[in-house]
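Listed below are the residues making up each chain.
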Amino acid sequence: MMKKVLPLMAAFALSLSLSASAEIWTETREGHDFIMSYPVVRLENKKAAERINEDIEDLLVRIRDNYENEQIQKGTGVSFEVMYEDDELLSIILTNYIYSGGPYGRPEIYGLVYDKAAGTRLPLESFLRITEDDLDSLYELPKYSLYTREPTGTWEYQKRLSTEYFLLEDRSIGLLYNPGELDAFAAGPAFIHVSQEKISEYNEKN
């Protein structure tokens, strides 16, 4: 099933005109040490769109404040990818790529899933209920590179529950992990794919 789902993810990610009721375009802010390319959402429900854009703005402000507080000298860059959209939901991944020296930068990955009717960001618990007792079975599920969409997960990792996630085409879930958690740091961020079947199993149990 995953082989069928992943190409559709790319198609959604490349589409900026999402549906008759929603549009997304890119705006950019630049400075001498940063560049932020971020989504702006337009919906028929203007109040909901305003809430979504305010939530994204709050995240951008927090990213910029964290960057300045860390006193990183080399720079940071924000980008985004649309992962899924339908009449009810919008799923976006926003990446803050910080470079402070050395061979690799440090991506910070944020999974943003919004209720388009209310304009609110939905926590993972809105779709999936998992606990620490589920970690062993969770880590047995398929793992993929976020960059290449190829299988990954051969690294020696310390298991943890992630609350950052995105939706795939069939409303299955990708649990997002930072570089070095599911694979080598150089492989970049990755995700665990939780199918609809597994979502039902976890939710019935928890």
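Refer to the structure above for everything that follows.
Note that the structure is predicted; figures quoted are calculated from it, not measured.

Undergrad: For this particular structure, what's the right way to read the sheet that holds strand β6 (residues 120-121)?
TA: Across a sheet, paired strands are connected by hydrogen bonds in the backbone, their directions being either parallel or antiparallel. A sheet is described by the order of its strands in space; here six strands give the open sequence β1-β2-β3-β4-β5-β6, paired in mixed fashion. Strand pairing shows two members of the sheet lacking a second neighbour, β1 (22-31) and β6, which therefore form its edges. By the bridge criterion, three bridges tie strand β2 (residues 34-43) to strand β3 (residues 76-85) in an arrangement that is parallel. Looking at β3, one finds that phenylalanine 34 is bridged to threonine 76.

Undergrad: Sorry, what's going on with helix α4 (residues 196-205) here?
TA: Side chains three or four residues apart in an α-helix point the same way, a direct result of the helix having 3.6 residues per turn. Among all positions in α4, only Ile199, Tyr202 and Asn203 are buried. Burial along α4 is one-sided: seen end-on, the buried residues are contained in an arc of 95 degrees. What points out from α4, more than 90 degrees from its buried face, is the exposed set Glu197, Glu204 and Lys205. Buried residues in α4 make contact with α3 (135-138), β9 (173-177) and β10 (190-194).

Undergrad: Teacher, can you tell me more about the side chain of aspartate 134 here?
TA: Mapped onto the secondary structure, aspartate 134 falls in the loop between β6 and α3. Separated by 2.8 Å, the side chains of aspartate 134 and asparagine 206 make a polar contact. Apart from the residues within four sequence positions on either side, aspartate 134 is in contact with Arg129, Tyr202, Lys205 and Asn206.

Undergrad: Is there a simple way to think about the packing of aromatic side chains in this case?
TA: The way to describe two aromatic rings as a pair is by their centre distance and the angle between their planes. Within the structure shown, the criterion is met by four aromatic pairs. Relative to phenylalanine 191, the ring of phenylalanine 166 lies with its centre 5.1 Å away and its plane at 80 degrees, an arrangement referred to as edge-to-face. Note that phenylalanine 166 is positioned in strand β8 (residues 165-167) and phenylalanine 191 in strand β10, a separation of 25 residues in sequence. You'll find phenylalanine 166 and phenylalanine 191 in the same group, each marked buried. One aromatic cluster in this structure is built from Tyr144, Phe166 and Phe191.

Undergrad: I keep staring at the environment of glycine 119 and nothing clicks. Help me out?
TA: When you line up the elements, glycine 119 lands in the loop between β5 (106-115) and β6. Exposure remark for glycine 119: the relative accessible area of 4% places this residue in the buried category. Linking glycine 119 and aspartate 55, residues 64 residues apart in sequence, is a C-alpha distance of 9.0 Å. Not counting residues up to four positions away in its chain, the partners in contact with glycine 119 are Ala48, Arg51, Ile52 and Tyr114.

Undergrad: Hey, could you run me through the pattern of salt bridges in this one?
TA: Note that side chains of opposite charge can pair when their charged atoms are close. In the structure shown here, the tally under the stated rule is 12 salt bridges. Linking lysine 205 and aspartate 134 is a salt bridge whose minimum nitrogen-to-oxygen distance equals 2.4 Å. Residue lysine 205 is located in helix α4, and its partner aspartate 134 is located in the loop between β6 and α3; the two are separated by 71 residues in the primary sequence. On the basis of relative accessible area, aspartate 134 is assigned to the buried category, the value being 2%. The salt bridge involving glutamate 181 is made with arginine 160; its shortest N-O contact spans 2.6 Å. On the criterion of sequence distance, the pair formed by glutamate 181 in the loop between β9 and β10 and arginine 160 in the loop between β7 (143-145) and β8 is long-range, its members being 21 residues apart. Salt bridges sharing partners connect three or more residues here, namely Asp86, Glu88 and Arg171.

Undergrad: What am I meant to see in a nonpolar patch on the surface here?
TA: On the surface, Tyr97, Tyr99 and Tyr147 cluster together to form a nonpolar patch covering roughly 310 Å² of accessible area. With respect to the helices and strands, tyrosine 99 occurs in the loop between β4 (89-98) and β5. With a relative accessible area of 34%, tyrosine 99 lands in the partly exposed category.

Basis of the calculations
Residues numbered from 1 in each chain as written. Predicted model: local features only at pLDDT ≥ 70, side-chain atom pairs only at ≥ 80, totals over all residues. Heavy atoms only, no water. Pairing = 2+ DSSP bridges. Helix = DSSP H or I, 4+ residues; strand = E, 2+ residues; numbered from the N terminus. Buried < 20%, exposed > 50% of the residue type's maximum accessible area, 1.4 Å probe, protein only. Arc of directions from axis to C-beta. Contact = heavy atoms within 4.5 Å. Polar contact = N/O pair within 3.5 Å; in protein donor to acceptor, adjacent residues only side chain to side chain. Phe/Tyr/Trp six-rings, centres within 6.5 Å; stacked < 30°, edge-to-face > 60°. Salt bridge = Lys/Arg side-chain N within 4 Å of Asp/Glu carboxyl O. Patch = residues over 30% accessible without salt bridge, like charges linked within 9 Å, V, L, I, M, F, W, Y side chains within 5 Å. Areas by Shrake-Rupley, 256 points an atom, 1.4 Å probe, with all protein chains shown as cover.

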